[in-house]
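Summary of the model geometry
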Amino acid sequence: YFLSLTYRQTERAIEVSSLNEAHILSARTDTILRHIESTCTHVAQHFVAEMRGRQNISPLPEPISRALTALTEKFPEVIQTQVFDSEGSLIYRSLPNPAMLSITDQDHFLELKERPDASMRFTQVLALKNSGKPSVLAYRSIIGADGEFLGLVACAIDLEYFAKLFSELQVGESGMVSIRRSDDSRLVVRWP
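Now for a description of the structure that goes with this document. (Residues numbered from 1 in each chain as written. Predicted model: local features only at pLDDT ≥ 70, side-chain atom pairs only at ≥ 80, totals over all residues. Heavy atoms only, no water.)

Topic: the pattern of salt bridges
All chains considered together, the criterion is met by 12 salt bridges. Between Arg 12 and Glu 15 there is a salt bridge whose closest N-O contact spans 2.9 Å. With Arg 12 and Glu 15 both in helix α1 (residues 2-46), this residue pair falls 3 residues apart, about one helical turn. Using a relative accessible area of 47% as the deciding quantity, one classes Glu 15 as partly exposed. The closest approach of N and O atoms between Glu 87 and Lys 113, which form a salt bridge, is 3.6 Å. (Salt bridge = Lys/Arg side-chain N within 4 Å of Asp/Glu carboxyl O. Helix = DSSP H or I, 4+ residues; strand = E, 2+ residues; numbered from the N terminus. Buried < 20%, exposed > 50% of the residue type's maximum accessible area, 1.4 Å probe, protein only.)

Structure (structure tokens):
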């Protein structure tokens, strides 16, 4: 009886501990994603006027790029923030000296260009064009006052940040921590 009781108590304690860790990790991940969403929303709303008067702006103006760099540096989970015009060309970025790139062939750009809306979306895991690092892009449309598609803002999420965060948890020999997409259950990142 004592062994049975002890076993059930230990089993329940492990269950409660695991549940608590899962809730804490879920809340922390949710907070990170909300920060990223608010950053994208802020950038999209801030640059509407600049995007509408695009003909007066030289490519990759330094003051705007420096502002994006300062904003991005506040979030260690974000690798870079980029703004693309309505044709898919990079016009603002948080990283210094980027390669000029275009995303006209990317599904996420084509989808928003065809049906712009202000909702936050996420790509599948992909390799960043400028560094090759695995990432997920959080992105949304930049929409003008008349509902026209002016461009896209994207934050590249650092999956290594989450792996490091997970590595600090004590999950035991057979434990695992992962993030999966809610729409199709595809694995985004896991540790170990």
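Focus: the packing of α1 against helix α5 (residues 159-167)
The interhelical angle for the contact between α1 and α5, taken along N-to-C directions, is 155°, at an axis separation of 12 Å. Overall, the two elements α1 and α5 adopt an arrangement that is roughly antiparallel. Relative to α5, α1 is oriented so that their crossing is right-handed. Where α1 abuts α5, its residues Leu 25, Arg 28, Thr 29 and Ile 32 lie against Tyr 161, Phe 162, Leu 165 and Phe 166. The residue makeup of the contact of α1 with α5, split by class, is 6 nonpolar, 1 polar and 1 charged. (Axes fitted to C-alpha atoms, helices over the stretch in contact; angles between N-to-C directions. Parallel < 35°, antiparallel > 145°, perpendicular 65-115°, else oblique. Left-handed = near helix turned anticlockwise from the far one by under 90°. Contact = heavy atoms within 4.5 Å. Nonpolar A, V, L, I, M, F, W, Y, C, P; charged D, E, K, R; others polar.)

Considering the environment of Ser 182
Position of Ser 182 among the secondary structure elements: in the loop between β7 (177-180) and β8 (187-191). Looking at Ser 182, the relative accessible area reads 81%, which means it is exposed. Taking the C-alpha atoms as reference points, Ser 182 and Leu 137, 45 residues apart in sequence, are found 15 Å from one another.

Re the layout of surface pockets
Empty space among the atoms becomes apparent when a probe as large as a water molecule is rolled across them. Size it by volume and the largest pocket reaches roughly 400 Å³. Going through the elements one at a time, α1, β3 (121-122), α5, β7 and β8 are the ones with two or more residues in the lining of the largest pocket. Examining the composition of the lining of the largest pocket, we find that 4 residues originate from one element, α1, more than from any other. Here the lining of the largest pocket is composed, by residue class, of 9 nonpolar, 3 polar and 5 charged. Surrounding the second largest pocket, 13 residues form its lining, Ile 103, Leu 126, Leu 128, Lys 129 and Leu 137 being those nearest its centre. For the lining of the second largest pocket, the secondary structure elements donating two or more residues are β1 (78-85) and β4 (126-127). The biggest single contributor to the lining of the second largest pocket is β1, with 3 residues. Broken down by class, the residue content of the lining of the second largest pocket amounts to 7 nonpolar, 5 polar and 1 charged. (1 Å grid on protein atoms, 1.4 Å probe; cavity = no way out; pocket = protein on both sides within 12 Å on 5 of 7 lines; lining within 4 Å. Points joined across faces, edges and corners; volume = space filled by probe spheres on them.)

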